[in-house]
Amino acid sequence: MNSAADTGVNAGTAQPVTGTQQPAGAGSSPPLTGLRVLDVATLFAGPMAATLLGDFGAEVIKVEHPRRPDPSRGHGPSKDGIGLWWKLLGRNKRTMTADLSTAGGRETLLRLAATADVIVENFRPGTLERWGLGWEELSAVNPRLVLARVTGFGQFGPYAHQPCFGTLAEALSGFAAVTGDPDGPPTLPPFGLADSIAGITTAYAVMTALRARDRTGRGQVVDMAIIEPILTVVGPQPLWYDQLGHVQPRTGNRSANNAPRNTYRTSDGHWVAVSTSAQSIAERVMQLVGRPELISEPWFATGADRARHADVLDDAVGTWIARRTRDEVLEAFEKAEAAVAPVQDVRDIMDDPQYAARDALTTVDDPELGPLRMQNVLFRLTETPGGIRWAGRPHGADTEAVLTELGLTEQEIATLRSEGAV
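The rules we used
Residues numbered from 1 in each chain as written. Predicted model: local features only at pLDDT ≥ 70, side-chain atom pairs only at ≥ 80, totals over all residues. Heavy atoms only, no water. UniProt positions renumbered as here; feature names shortened; annotations may be inferred. Helix = DSSP H or I, 4+ residues; strand = E, 2+ residues; numbered from the N terminus. Buried < 20%, exposed > 50% of the residue type's maximum accessible area, 1.4 Å probe, protein only. Lys, Arg positive; Asp, Glu negative; His and termini not counted. Charge placed at Lys NZ, Arg CZ, Asp CG, Glu CD. Pairing = 2+ DSSP bridges. Axes fitted to C-alpha atoms, helices over the stretch in contact; angles between N-to-C directions. Contact = heavy atoms within 4.5 Å. Phe/Tyr/Trp six-rings, centres within 6.5 Å; stacked < 30°, edge-to-face > 60°. Lys NZ or Arg CZ within 6 Å of the ring centre and 35° of its normal. Domains from an automatic or database assignment. Salt bridge = Lys/Arg side-chain N within 4 Å of Asp/Glu carboxyl O.

- You'll find the protein entered in an unreviewed UniProt entry as CoA transferase, with Streptomyces himalayensis subsp. aureolus given as the organism.
- A UniProt comment under Sequence similarities (unreviewed entry) is attached to the protein, and it reads "Belongs to the CoA-transferase III family."

**What about the overall build of the protein?**
- Helix and strand counts for the protein come out as 17 helices and 13 strands.
- Taken along its principal axes, the extent of the C-alpha atoms in the protein is 85 × 45 × 40 Å.
- In the protein, buried positions account for 46% of the 422 residues.
- Each charge sign in the protein was given a centre, from 39 positive and 50 negative side chains, and these centres are 1 Å apart.

**Here's the deal with the sheet that holds strand β7 (residues 146–151)**
- Pairing within the open sheet is parallel, and its six strands lie in the order β5-β2-β1-β6-β7-β8. Among the strands making up the open sheet, the edge pair consists of β5 (93–97) and β8 (221–225). Averaged over all pairs of adjacent strands, the angle between their axes in this sheet comes to 20°, without regard to strand direction.
- The pairing of strand β6 (residues 118–121) with β7 spans four bridges and is parallel. Across the sheet, V118 pairs through a bridge with V146, a residue of β7.

**Some remarks on the sheet that holds strand β10 (residues 271–274)**
- An order of β9-β10-β11 is seen for the three strands of this open sheet, with the pairing classed as antiparallel. Taken across any chain shown, the strands that pair with only one partner, and hence form the sheet edges, are β9 (262–265) and β11 (340–342). Here the strands of the sheet are splayed against their neighbours by 30° on average, with no regard to which way each runs.
- In terms of strand pairing, β9 meets β10 through four bridges, oriented antiparallel. Along β10, the bridge assignment pairs R265 with W271.
- Against the sheet, helix α12 (residues 310–322) makes contact with β9 and β10, and its axis sits at roughly 35° relative to β9, the strand it touches most.
- Across the sheet, helix α13 (residues 326–336) lies against β10 and β11, angled at about 155° from β11, the strand it touches most.

**Describing the packing of aromatic side chains**
- The full count for this structure, using the stated rule, is six aromatic pairs.
- Between F56 and F379, the ring centres sit 4.3 Å apart and the planes meet at 10°, which makes this aromatic pair stacked. One end of the pair, F56, is in the loop between α1 (45–55) and β2 (59–64); the other, F379, is in the loop between β13 (370–375) and α16 (399–405), with 323 residues separating them in the sequence.
- For F56, a relative accessible area of 5% translates into the label buried.
- Plain terms: the ring middles of W299 and F300 are 6.1 Å apart, the flat faces sit at 55° to each other, and that makes the pair tilted.
- Exposure remark for W299: the relative accessible area of 14% places this residue in the buried category.
- Under the relative-accessibility criterion, F300 is labelled buried at 1%.
- The ring of W390 has R389 lying over it, and the distance from NZ or CZ to the ring centre is 5.3 Å.

**Points about the domain arrangement of the protein**
- With domains assigned, the protein is organised as domain 1 (36–234 + 362–380 + 388–419) and domain 2 (261–343).
- One C-alpha centre belongs to domain 1, the other to domain 2; they are set 43 Å apart.

**A closer look at the pattern of salt bridges**
- Tallied over the full model, the rule gives 22 salt bridges.
- A salt bridge links D345 to R347; its shortest N-O distance comes to 2.4 Å.
- Given the relative accessible area of 29%, D345 is considered partly exposed.
- By relative accessible area, which is 64% here, R347 ends up exposed.
- Connected through salt bridges with shared partners, the residues R36, E59, R94 and E405 form a single ionic network.

**Focus: the environment of R326**
- Relative to the helices and strands, R326 is located in helix α13.
- C-alpha of R326 to C-alpha of G180: the two residues are 146 residues apart in sequence and 25 Å apart in space.
- Ignoring any residue separated from it by four or fewer positions in sequence, one finds R326 in contact with T266, D268, H270, V272, P342 and D348.

**Considering unusual backbone geometry**
- Here the residue pair A259 and P260 is connected by a cis peptide bond, since its omega of 0° sits within 30 degrees of zero.
- In this structure, P260 sits in the loop between α9 (237–244) and β9.
- Non-glycine residue E337 carries a positive phi angle of around 55°.
- Position of E337 among the secondary structure elements: in the loop between α13 and β11.

As structure tokens, then:
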């Protein structure tokens, strides 16, 4: 795999960052050490894929427009004028600028592509080609390159050239249609669900393409349409419709496959969620809430039949829970070995002992904002763990360092800057 020299990381300052470094405390290098990724995407799905690769050791170079930074830097709340979402999405990435629509920017990306293993982009189909940076040109300078193209509708099809965001994918995939109360409107999530699913899927797709490269010696294009991973996540709805003509309705917090399954309010004003996907758990819940006679009902024997009697079961569970505090409910369910969880907001999550035990929310020292608590890497590896080396860096902070590594002289870099190419 291609990479800059492993010269360490200066995560505690705003100085240029070079190479890659294993996370503190790791016994060996992270598994993707030596992999070089160019992130030329914006907003969420593509950049998240690059973030996940960087979390496990890949050297990620974030390429942004010199005058129009990635919009994620301005999304959501900020502190001292610095976008906090970017601190999460931009972690473990070196940052440089290049205007790919200019001759100098094009040449810069081609020189970077020759040293890279992966490029992640999310321009509308045809944009890279218009700039002379399509697959033909990129693979010519590096036949081993993997080009991940992340767009709303993919590279072909009747919608391919239309604008698309995750919200539209959530609507088109069937997710919104089944989310919400039965008598209410389709409901969209208040966060980037489709983009996040696509980002995680893109990281998997990239690794699949790299594994194929190990066998063939050749790179290839990953065509990721944001509408497709969320279509997979909604489950067997297409199969149900194909075979049975069944259209899943909105059921609120209830499930068509088991009951009781809902959220219930406790006497002290909190909410808890109960699930009874397993028959044994459903029976334990009924014993716990003092309604063991329901277990002997013929309809109680299967989850689908229980779901058709959700009103009865919700009344039994809801009445019992409403008379007790959240702590009393959680303690009783734990003792009964029944499945329950508090409905937590972010304040609860920050103090949750299970997340704390796993360091799921970890602290990252940032030279701009000080200690930052954010989500840790996505999964744990026992031998070659990933880690967060630094949070999102300032716009273009590593431009000169990256260009110097490519062999450009100070005069050449100054010329590119004067032309607005970087």
